[in-house]
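Structural characterization, general
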Amino acid sequence: EAFPVRMMCRLLKVSPSGFYDWLERKPSALQLADESLLTRIEEIHELSDGVMGAPRIFDELRDEGFVCSKNRVARLMKQQDIQGIPQKRQWRRKKSAMRPLGIANELERDFEATRPNQKWMTDITYIKTGEDNLYLCIVKDLYWGGIVGWSMSVRQTREVVIQAVLMALWQREGREPVILHSDRGTQFTSAEYQQFLKGHNITCSMSAVGSYADNASAEGFFGQLKRERIRRRRYETRAEARSDVFDYIERFYNPLKERQLERRTGDRLRFTEPSVETG
């Protein structure tokens, strides 16, 4: 509005007719498609509490039927300054106990399952709070990737593991045998834990010495939980941490995995509703 259009076109070496044609031109089909795609990207990113990056948003869009590439999703997110939380690669060593006699690595890094409650994986991690650590044990179903059992405790004991496995047993339909894989932590090698598994038709599977990748699926969930939720919070009490972990698993992570499974296979999972006091 400050200068005449024709003068600006002359100085910028643009024809007035070309400028007016551009001004009145309707958006192209590609522009309209990008706008529609960007709207859904923003919705998915907001529903994830801002934690999803381009790769995971691309997977969600593909499951929903959108035709696009990962690079296109990344380009649109960059234009709107939409970012997820990147994963930091960390390696750690921990002491392992002796694998009990007769226990083998039943999975042999075959993490594919053909049905629910066929292959489970379990592990323990800790969460820092103002009242000291809170320990979380999870049981993950390798068929659909959801957390079917979990428990929290102020101590890292075999009881917290057994409680998590009990929750997984309560929610499953039927009593078919299941393989439960873990590392060789003392909680998993204890005689009480081994006896518990035998009494519930569970085949124990354990990693070999130094085989950290054997438990990668459970470690991957812990990394995602801490990256997307725990490291973004400060828990003054263990009760705050319990409530937030419950919210992440049952209100965000598991529903997301259920939707992905239903889109991929048409299967709908049915579980017994967990209680907030679990663990």
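In this report, we go over the structure that sits alongside the text. This one's a predicted model, so the numbers in the text were calculated from it and none came from an experiment.

**Concerning the packing of helix 3 (residues 29-47) against helix 4 (residues 54-63)**
Viewed as axis vectors pointing N to C, helix 3 and helix 4 meet at an angle of 115 degrees, and their least axial separation amounts to 10 Å. Taken as a pair, helix 3 and helix 4 cross one another with a handedness that is right-handed. Along its contact with helix 3, which presents L37, R40, I41, I44 and H45, the element helix 4 presents I57, E60 and L61. Its residues assigned to classes, the contact of helix 3 with helix 4 comprises five nonpolar, one polar and two charged.

**So, the sheet that holds strand 4 (residues 178-182)**
Taken in spatial order, the five strands of this open sheet run 3-2-1-4-5, and their pairing is mixed. Two strands close off the open sheet at either side, each with one partner strand: strand 3 (147-153) and strand 5 (202-206). Direction aside, neighbouring strands of the sheet carry axes that sit 25 degrees apart on average. Examined bridge by bridge, strand 1 (residues 119-127) and strand 4 share three bridges and lie parallel to one another. Looking across to strand 4, one finds that W120 is bridged to L180.

**Description of the side chain of K119**
In this fold, K119 is placed in strand 1. At 3.1 Å, the side chain of K119 and the backbone oxygen of D110 are in polar contact. A distance of 2.7 Å separates the side chain of K119 from the backbone oxygen of E112, its partner in a polar contact. If near-sequence neighbours (up to four positions away) are discounted, K119 is found in contact with L107, D110, E112, A113, K140, D141, L142, V178 and I179.

**What about the pattern of salt bridges?**
On inspection of all chains with the given rule, the structure shows 15 salt bridges. In this structure, R40 engages E43 in a salt bridge whose closest nitrogen and oxygen atoms are separated by 2.9 Å. Placement of the pair is R40 and E43 together in helix 3, with a separation of three residues, close to one helical turn. Between R158 and E192 there is a salt bridge whose closest N-O contact spans 2.4 Å. In this pair, R158 sits in helix 6 (residues 158-171) while E192 sits in helix 8 (residues 191-199), placing the two residues 34 residues apart along the sequence. Given a relative accessible area of 36%, R158 falls into the partly exposed group.

**What to know about the nonpolar core**
Generally speaking, a soluble globular protein has its nonpolar side chains buried in company with each other. Counting 40 residues, the largest nonpolar core has I41, V73, L136, W150 and F221 as its most contacted members. For this core, the secondary structure elements donating two or more residues are helix 3, helix 4, helix 5 (70-79), strand 1, strand 2 (134-141), strand 3, helix 9 (216-228) and helix 10 (238-265). In terms of residues, this core owes the most to one element, helix 10, which gives eight residues. Excluding residues that lie within four positions of it along the chain, L136 makes contacts with D123, I124, T125, I127, W150, S151, M152, F222, L225 and V245. In terms of nonpolar packing, the next biggest core, distinct from the first, is built from 28 residues, I103, I124, F196 and L261 among them.

Rules and cut-offs
Residues numbered from 1 in each chain as written. Predicted model: local features only at pLDDT ≥ 70, side-chain atom pairs only at ≥ 80, totals over all residues. Heavy atoms only, no water. Axes fitted to C-alpha atoms, helices over the stretch in contact; angles between N-to-C directions. Helix = DSSP H or I, 4+ residues; strand = E, 2+ residues; numbered from the N terminus. Left-handed = near helix turned anticlockwise from the far one by under 90°. Contact = heavy atoms within 4.5 Å. Nonpolar A, V, L, I, M, F, W, Y, C, P; charged D, E, K, R; others polar. Pairing = 2+ DSSP bridges. Polar contact = N/O pair within 3.5 Å; in protein donor to acceptor, adjacent residues only side chain to side chain. Salt bridge = Lys/Arg side-chain N within 4 Å of Asp/Glu carboxyl O. Buried < 20%, exposed > 50% of the residue type's maximum accessible area, 1.4 Å probe, protein only. Core = buried A, V, L, I, M, F, W, Y, C linked by side-chain atoms within 4.5 Å.

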